[in-house]
Amino acid sequence: MLSKYNIFLDDYKIMFNTLTGYAIRLTDEEMEKLKKGEVPEELKDIIEEGFSATFDEFLQKFKKEVLEPTLVLTYRCNFDCVYCFQKAFRNNSSVSDKVVRGFIKYVRTHANGRKVRVTYFGGEPLLELRRIKEISTQLSDLKYSFSIVTNGSLLTRHVFDELKSLGLTHVQITLDGPREVHDKRRYFVGGKGSYDIILKNLKEIQDEVNVVLRVNIDVNNLDSFRDLLRDLKQNGITKVRLDPHLVHDNVFRNEYWDYTFPKDEEGEILVKLWETAKDEGFEIPQDVFRLGLCVAHFDEDIVVDPFGNIYPCWAFTGNSLYVKGYLTEDGDVVIYEKLSGERALNLWKKCKDCPYMPLCLGGCRFFSVLNKKGYDGIDCRKKSYEAIMKLLKYFV
C-alpha cells in the first residue's frame, strides 16, 4: 500500500516520502501509475521499503537511542544583539550547585547505557566555562559528548583544546553577514563589533570540530548572504555546515520585528538561500527534509535553566508562562501535563492526512504561540515545505 506521505515533484520526476526520507527518480510511466495507486512490478521492493509506511507504524517502532538534555548555564551574555529573544529577562544568573547536582544525577539515572549528548546553552554558555568542565569531568565515564551554542567570541584555541579533551564534538556559532553587516547586528555589550574575533576563532577550530554556522536572516541582511559566503571562502572557512535561519517575531520585544518576512514567502526565500550556498560551493544538508521531531516531543530530553525550571525547547527558556516542569537536586523531574512531550507529539493527529505532516508534526510550538494560536495550536508550514521540495533535485 502506498503511503499518504508520498510527494510527487512533476518537474523533476521525483517521488519523495516525508516520513522515511526516501526519494526516487521515476519515468513518466512510473510516475503516472504511482499517482493512480498502481505499483510497477520493478519498483515493488523499493516501494515496500521506503514509500508505504504509516506514521502509526513509525511511532510504534521508534526508539530514541541517545539521551540529549540541554542545560542553560546562564542568562548572562557578553553580546547585545538587536533581535535577542532573551533581552527582556537577561540577568546575572549562574547555574546553581543544586541544579548542577540534579542535572548530573538526572543524566546518570536516564542514560541506561545509551550515548549522552548534552547541549550547553545560554545566554552565553562559555561565561560558565568552569561549569562545563565540572559537569563533563563528572560524566566522563559515560558515553558522553557535548555541544555548545555560543556566539563564538570566547571560543579561543586554548578554550577549545580544553573542551575538546572533555568531549566537545559540535559547536553552533552565528555570523549574520560580512563585517559591515554582522557588526551592526551582533555586537558586544558596549557596541564593539564581533566579526573579526569570531572569524579568527572559526579559522582555528573548523578542522577539529563539527561547526554549524547559523545565519539569522531578515530583510536587512538577505542581500549580503552571498558576500558572507565569499568572505568565509576567502578566509579558508569552508568546512562549516550552514544553517540560514529566518528571524521571526518575538514574545517579549516588538521594535525589531518590522524587518521579518511574511510567512508565505519563507519557503521561497530559504530555497534561494540554499541555492546561493550551493552556487558558492557549500553543501545543502539533507536534513533540510528532516523529520519534524524535536526536543519538545521528548520529556526525557529536558531543557533546564539555571534555576531548575524545565522548558519545552530552547526558544521558550526564560519565559515563566511556559515552564514545563522542574528538576530537583536529587535528579528527579516533575513535568506538567499541559506542556508535556506526549501532548505535543499527539498534535500530529490534527494534520494526519497532510502529506507534509511528518516534516512538521503540526508545526513548531513556539511559532504557534507567536501566531497567537496557543501552545496546542497548529502552525501550518505546508507552503514553505512545498517550496523546499525543489531542493530535492540536488540529491536524486
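For the structure, see preceding data.
Bear in mind that the values here come from a model prediction, so they are computed numbers and not experimental data.

## Section: a negative patch on the surface
Then comes step 1: Together, Asp45, Glu48, Glu49, Asp56 and Glu57 make up a region of like negative charge exposed at the surface.
Then comes step 2: Looking at the negative patch, the elements that each hand over two or more residues are helix H2 (44-50) and helix H3 (55-61).
Then comes step 3: Looking at where glutamate 48 falls in the secondary structure, it is placed in helix H2.

## Here's the deal with the side chain of glutamine 206
Then comes step 1: Structurally, the position occupied by glutamine 206 is in the loop between helix H8 (195-205) and strand S9 (210-217).
Then comes step 2: A distance of 2.5 Å separates a polar side-chain atom of glutamine 206 from the backbone oxygen of glycine 236.
Then comes step 3: Within polar-contact distance, the side chain of glutamine 206 engages the backbone nitrogen of lysine 239 at 3.2 Å.
Then comes step 4: With sequence-adjacent residues up to four places away left out, glutamine 206 is seen in contact with Val211, Gly236, Ile237, Thr238, Lys239 and Val240.

## Points about the sheet that holds strand S3 (residues 23-25)
Then comes step 1: Strand order in the open sheet formed by 3 strands is S1-S2-S3, and the pairing between neighbours is antiparallel. For this open sheet the edge positions go to strand S1 (6-9) and S3, each flanked by a neighbour on one side alone. Taking the axes of each pair of neighbouring strands and ignoring which way they run, one obtains an average angle of 15 degrees across the sheet.
Then comes step 2: Bridge count between strand S2 (residues 14-17) and S3: 3 bridges; the pairing is antiparallel. The residue bridging methionine 15 from the neighbouring strand is isoleucine 24, located in S3.
Then comes step 3: Running at roughly 140 degrees to S1, helix H1 (residues 28-35) makes contact with S1 and S2 of the sheet.

## As for unusual backbone geometry
Then comes step 1: Following glycine 122, the chain continues to glycine 123 via a peptide bond in cis, the omega torsion being 20 degrees.
Then comes step 2: Structurally, glycine 123 can be placed in the loop between strand S6 (115-121) and helix H5 (129-138).
Then comes step 3: Of note in this structure, lysine 13 is not a glycine but carries a positive phi near 55 degrees.
Then comes step 4: By secondary structure assignment, the location of lysine 13 is in the loop between S1 and S2.
Then comes step 5: One non-glycine residue, lysine 372, adopts positive backbone phi at about 60 degrees.

## Quick word on the environment of isoleucine 198
Then comes step 1: Turning to its location among the elements, isoleucine 198 is positioned in helix H8.
Then comes step 2: Judged by relative accessible area, which is 0%, isoleucine 198 ranks as buried.
Then comes step 3: For the pair formed by isoleucine 198 and leucine 155, sequence separation is 43 residues and the distance between their alpha carbons is 8.2 Å.
Then comes step 4: The contact partners of isoleucine 198, leaving out residues within four places of it in the chain, are Phe79, Asn151, Gly152, Ser153, Ile173, Thr174, Leu175 and His182.

## Considering the environment of lysine 143
Then comes step 1: With respect to the helices and strands, the residue lysine 143 is situated in strand S7 (residues 143-149).
Then comes step 2: Those residues in contact with lysine 143 that sit more than four places away from it in its chain are Gly113, Arg114, Lys115 and Val116.
Then comes step 3: Polar side-chain contacts of lysine 143 include one of 2.9 Å to the backbone oxygen of glycine 113.

## Brief notes about the environment of valine 39
Then comes step 1: As for its position among the elements, valine 39 is in the loop between H1 and H2.
Then comes step 2: Given the relative accessible area of 30%, valine 39 is considered partly exposed.
Then comes step 3: Along the sequence, valine 39 and leucine 2 sit 37 residues apart, while their C-alpha atoms lie 8.2 Å from each other.
Then comes step 4: Not counting the four nearest positions on each side in its chain, valine 39 is found in contact with Leu2, Leu34, Lys44 and Ile47.

## Points about the pairing of strand S10 (residues 241-246)
Then comes step 1: Burial along S10 is one-sided: the residues Leu242, Pro244 and Leu246 are buried and none of Arg241, Asp243 and His245 is.
Then comes step 2: Strand direction decides the pairing type here: S9 and S10, joined by 6 bridges, are parallel. Residue pairing in the sheet places isoleucine 217 in a bridge with leucine 246 of S10.
Then comes step 3: Crossover handedness for the path S9 to helix H9 (residues 225-234) to S10: right-handed.

## Looking at the pairing of S2
The side chains of a regular strand alternate between the sheet's two faces.
Then comes step 1: Judged by which residues are buried, S2 turns out to be covered on both faces: Ile14 and Phe16 on one side and Met15 and Asn17 on the other are all buried.
Then comes step 2: Where S1 and S2 come together, 4 bridges link them in antiparallel fashion. From the neighbouring strand, asparagine 6 faces S2, where its bridge partner is asparagine 17.
Then comes step 3: Linking S1 back to S2 in an antiparallel pair, the connection comprises 4 residues, with lysine 13 at a positive phi of about 55 degrees.
Then comes step 4: Linking S2 back to S3 in an antiparallel pair, the connection comprises 5 residues, with glycine 21 at a positive phi of about 85 degrees.

## Section: the pattern of salt bridges
Two side chains with opposite charge may pair up if their charged atoms get near one another.
Then comes step 1: Counted by the stated rule, this structure contains 36 salt bridges.
Then comes step 2: With a closest N to O distance of 2.8 Å, lysine 324 and aspartate 299 form a salt bridge. Here the residue lysine 324 occupies a position in the loop between strand S12 (309-311) and strand S13 (325-327), and aspartate 299 occupies one in the loop between helix H10 (266-279) and strand S11 (303-304), the gap between them amounting to 25 residues.
Then comes step 3: Between aspartate 376 and arginine 343 there is a salt bridge, with its nearest N and O atoms 2.5 Å apart. Separated by 33 residues along the polypeptide, aspartate 376 in the loop between helix H13 (365-370) and helix H14 (382-388) and arginine 343 in helix H11 (residues 341-345) bring together distant segments of the chain.

Cut-offs and rules
Residues numbered from 1 in each chain as written. Predicted model: local features only at pLDDT ≥ 70, side-chain atom pairs only at ≥ 80, totals over all residues. Heavy atoms only, no water. Patch = residues over 30% accessible without salt bridge, like charges linked within 9 Å, V, L, I, M, F, W, Y side chains within 5 Å. Areas by Shrake-Rupley, 256 points an atom, 1.4 Å probe, with all protein chains shown as cover. Salt bridge = Lys/Arg side-chain N within 4 Å of Asp/Glu carboxyl O. Lys, Arg positive; Asp, Glu negative; His and termini not counted. Charge placed at Lys NZ, Arg CZ, Asp CG, Glu CD. Helix = DSSP H or I, 4+ residues; strand = E, 2+ residues; numbered from the N terminus. Polar contact = N/O pair within 3.5 Å; in protein donor to acceptor, adjacent residues only side chain to side chain. Contact = heavy atoms within 4.5 Å. Pairing = 2+ DSSP bridges. Axes fitted to C-alpha atoms, helices over the stretch in contact; angles between N-to-C directions. Buried < 20%, exposed > 50% of the residue type's maximum accessible area, 1.4 Å probe, protein only. Right-handed = clockwise from strand over helix to strand, strands pointing away.

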